[in-house]
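Structural overview for review
Residue-level listing of the chains:
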Amino acid sequence: MEEIWIGIDLGTQSVRALAVTASGRVVGRGDHPLASDRSAGRHEQDPRAWWTAVTSALRATVKQSERSAVRAVAICSTSGTFLLTDATGEPLTGALMYDDGRAEAEAHHVREVGAATWQRLGVRIQTSWALPKLVWLARTQPALLPRARLCHQADFIAGRLVGEPVATDTSHALKSGYDLEAGAWPTEVLDALGLPPSLMPSAVPPGSVLGAVGSAAAAETGLPAGTPVVAGMTDGCASQIGAGALEAGSWNSVLGTTLVLKGVTKRRLEDPSGVVYSHRAPGGEWLPGGASSVGAGALSARFPGADLAALDRAAAAREPASVIAYPLVSRGERFPFTAPGAEGFILGQPQDDADLFAALLQGVAFVEKLCFRVVERLGASTDGAITLTGGATRSRYWCQLRADVLGRAVRLPELADPALGMAILAAAQRRHRVAEVASKMVRIRDVMDPRADRTERFFEPYSKMVGELERRGWLPS
């Protein structure tokens, strides 16, 4: 009987759970949908609905696997999502989600009050981060503060599993202002913001054991009572672990609606512009990354309902396309540069749909290449393995194109899921190197090498796109 570890991913639209063996074999899975309340820039969810979804997903997962073989469970959730609870863990507020935008004024205030601290830590506080939203709650509901406790999304579920409030992990705590260098909350900054020390939970490194599944939670979820509950990481970090990109110099490029690049460095990257910020890995390394607003969303916007496989085949004959595209999904760019006013553009007139589609695919690949150039200029090594994940990996042609533009081999895992990353972290806990455990649990289905003749074809159009970004004043020269 193989040992089993369970990972839980608290997403925006659903909760997913996976039961995985030490060899990476998935022996159980479950999911349950979630609903959101969105209005005028606000985005909330009911924390109690998270628990309902988790119990449903876990019951399905455990039912498919050998219950007695479950050894530990870990949880990831959306970064910057939190609520306030009382001392027993009961919600005092709804959950303010990762993209809730109500705290714009508070974000400006937080940036000013803690300017020296944020500069030292290399972070730029954004409106959607948890800390500005926490300040907003403190300003609008001050009566809650004496009895309130900050609780991130993953913390809430971990507490329900254990049966009492648990510590947070330093990964989820980053966007709440946690000082990863000092390993402590920046109390002087929090005091200046009017946030009492009692509001902030204790924080432990990812992979730490938070407690064990209690009898009540065991009855609801099907998990064995006494199963260790392991401190997780944010969904982006969980995806990186699930991709196996955990050795210094290795990178995970996640291409879905937008593009996210995450890597591993031995020291924290210093980025004066704030477009790249770093989480701390369980082993002490740093996980720098950035999120672009360029991505596959540009395809669905331009070609809704189209036969993308047919367009892929047509685009393969247009290398390079006759036009240059900067395929921004929405107004504003965050990485590889910051430009709130940036808009997508096309240089030239496409000959037909195939030409335009090819330009969009190539444009995303060019931005991906530029992202790598930016992190290299900041001092990061990129000579390790590059792993591609995200919905765009369904297009084999696009993966090959990205390898060609980068001039690098790329790996495609069999399964790319944040829940897998949490199963890996649960298996490693803090007794083993996560990278070593991941090397056994992450299965690579394909490696695509660049075609040297194709790589050279894209030098000129790539340079033209970069030059246009500079000309428009978005990309520093």
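Every chain is numbered on its own, with residues counted from 1 as its sequence reads. Where totals are concerned, whole chains, interfaces and linings use all residues; where local detail is concerned, this predicted model gives features only for residues with pLDDT of at least 70, and gives and counts side-chain atom pairs only at 80 or more. Calculated side-chain values reflect all of the structure's heavy atoms, with hydrogen atoms and water omitted.

**Observations concerning the pattern of salt bridges**
Definition in use: Think of a salt bridge as a Lys or Arg side-chain nitrogen and an Asp or Glu carboxyl oxygen that are within 4 Å of each other. The numbering of helices and of strands both runs from the N terminus, where a helix is a DSSP run of H or I of at least 4 residues and a strand a run of E of at least 2. Residue exposure (1.4 Å probe, protein chains only): buried if accessible area is under 20% of the type maximum, exposed if over 50%, otherwise partly exposed.
In total, this model carries 26 salt bridges according to the counting rule given. Residues D99 and R38 are paired through a salt bridge, measuring 3.2 Å at the closest nitrogen-oxygen approach. On the criterion of sequence distance, the pair formed by D99 in the loop between strand 8 (95-96) and helix 2 (104-113) and R38 in strand 4 (residues 37-39) is long-range, its members being 61 residues apart. Owing to a relative accessible area of 30%, D99 belongs among the partly exposed residues under this scheme. E468 is the partner of R471 in a salt bridge, and the nearest nitrogen-oxygen pair spans 2.7 Å. Of this pair, R471 and E468 both sit in helix 17 (residues 459-471), three residues apart, which is roughly one turn of that helix. Looking at E468, the relative accessible area reads 10%, which means it is buried. Several salt bridges share partner residues, and in doing so they unite E319, D404, R451, D453 and R454 into one network.

**Structural notes on the sheet that holds strand 2 (residues 14-21)**
What counts here: Being paired, for any two strands, means DSSP has found at least two bridges between them. Structural elements are reduced to axes, namely lines fitted to C-alpha atoms, with helices fitted over the stretch in contact, and the angle between N-to-C directions of any two is expressed from 0 to 180 degrees. It only takes one pair of heavy atoms within 4.5 Å for two residues to be counted as in contact.
Here six strands make up an open sheet; going across it, the order is 3-2-1-6-13-12 and the pairing mixed. The two strands at the open ends of the sheet, each matched to only one other strand, are strand 3 (26-33) and strand 12 (209-212). Across the sheet, the axes of successive neighbouring strands diverge by a mean angle of 20°, strand direction being ignored. With two bridges connecting them, strand 6 (residues 70-77) and strand 13 (residues 228-230) associate as parallel partners. Pairing of V73 across the sheet is with V229, part of strand 13. In this fold helix 5 (residues 153-162) packs onto strand 1 (4-10), strand 6, strand 12 and strand 13, with an angle of close to 150° to the strand it touches most, strand 6. Against the sheet, helix 14 (residues 418-428) contacts strand 1, strand 2, strand 6 and strand 13, and its axis sits at roughly 135° relative to strand 1.

**As for helix 9 (residues 235-243)**
Owing to its 3.6 residues per turn, the α-helix aligns residues three or four sequence positions apart on the same side. Where helix 9 is concerned, the buried positions are C237, A238, Q240, I241, G242 and A243. Positioned one or two residues after helix 9, G244 has a phi angle of 75°, which is positive.

**Regarding the side chain of T55**
Where we set the bar: Under this definition, polar contacts are N or O atom pairs within 3.5 Å; protein pairs additionally need one hydrogen-donor-capable and one acceptor-capable atom, and for neighbouring residues in sequence, both atoms have to be side-chain atoms.
Summarising the element assignment, T55 is placed in helix 1 (residues 47-64). A distance of 2.8 Å separates a polar atom in the side chain of T55 from the backbone oxygen of T52.

**Some remarks on the side chain of S293**
For S293, the position within the fold is in the loop between strand 17 (286-292) and helix 10 (297-302). Reaching out from S293, the side chain makes a polar contact with the backbone oxygen of G332 at a distance of 3.4 Å.

**Focus on the packing of helix 12 (residues 353-377) against helix 17**
What counts is decided by this rule: Any angle from 65 to 115 degrees is called roughly perpendicular, while one under 35 is roughly parallel, one over 145 is roughly antiparallel, and all others are oblique.
Between helix 12 and helix 17, whose axes approach to 10 Å, the crossing angle comes to 75°. The angle between helix 12 and helix 17 places the two elements in the roughly perpendicular class. Touching G363, F366, V367, K369, L370 and R373 of helix 12 are F459, P461, Y462, M465, V466 and L469, all from helix 17.

**So, the nonpolar core**
The condition that has to hold: The nonpolar core is taken to be a set of buried Ala, Val, Leu, Ile, Met, Phe, Trp, Tyr and Cys residues, with the residues joined through side-chain atoms within 4.5 Å.
Y326, F335, L361, W398, L469 and W474 are the most contacted members of the largest nonpolar core, which totals 61 residues. Ranked by size, the runner-up nonpolar core spans 39 residues in total, among them I4, M97, V229 and A231.

**Overview of unusual backbone geometry**
Omega for the peptide link from E319 to P320 comes to 0°, which places this bond in the cis form. One can find P320 in the loop between helix 11 (308-315) and strand 18 (324-326). Phi at A40 takes a positive value of approximately 50°, unusual for a residue other than glycine.

**Description of helix 15 (residues 434-441)**
The test is simple: For this quantity, the arc is that covered by the directions from the helix axis to the C-beta atoms.
Of the positions making up helix 15, those classed as buried are V434, A435, V437, A438 and M441. Taken down its axis, helix 15 places every buried residue within 160° of arc, on the same side. Summarising the geometry of helix 15, the exposed residues directed more than 90 degrees from the buried face are S439 and K440. In this structure, the buried residues of helix 15 make contact with strand 2, helix 9 and helix 14.

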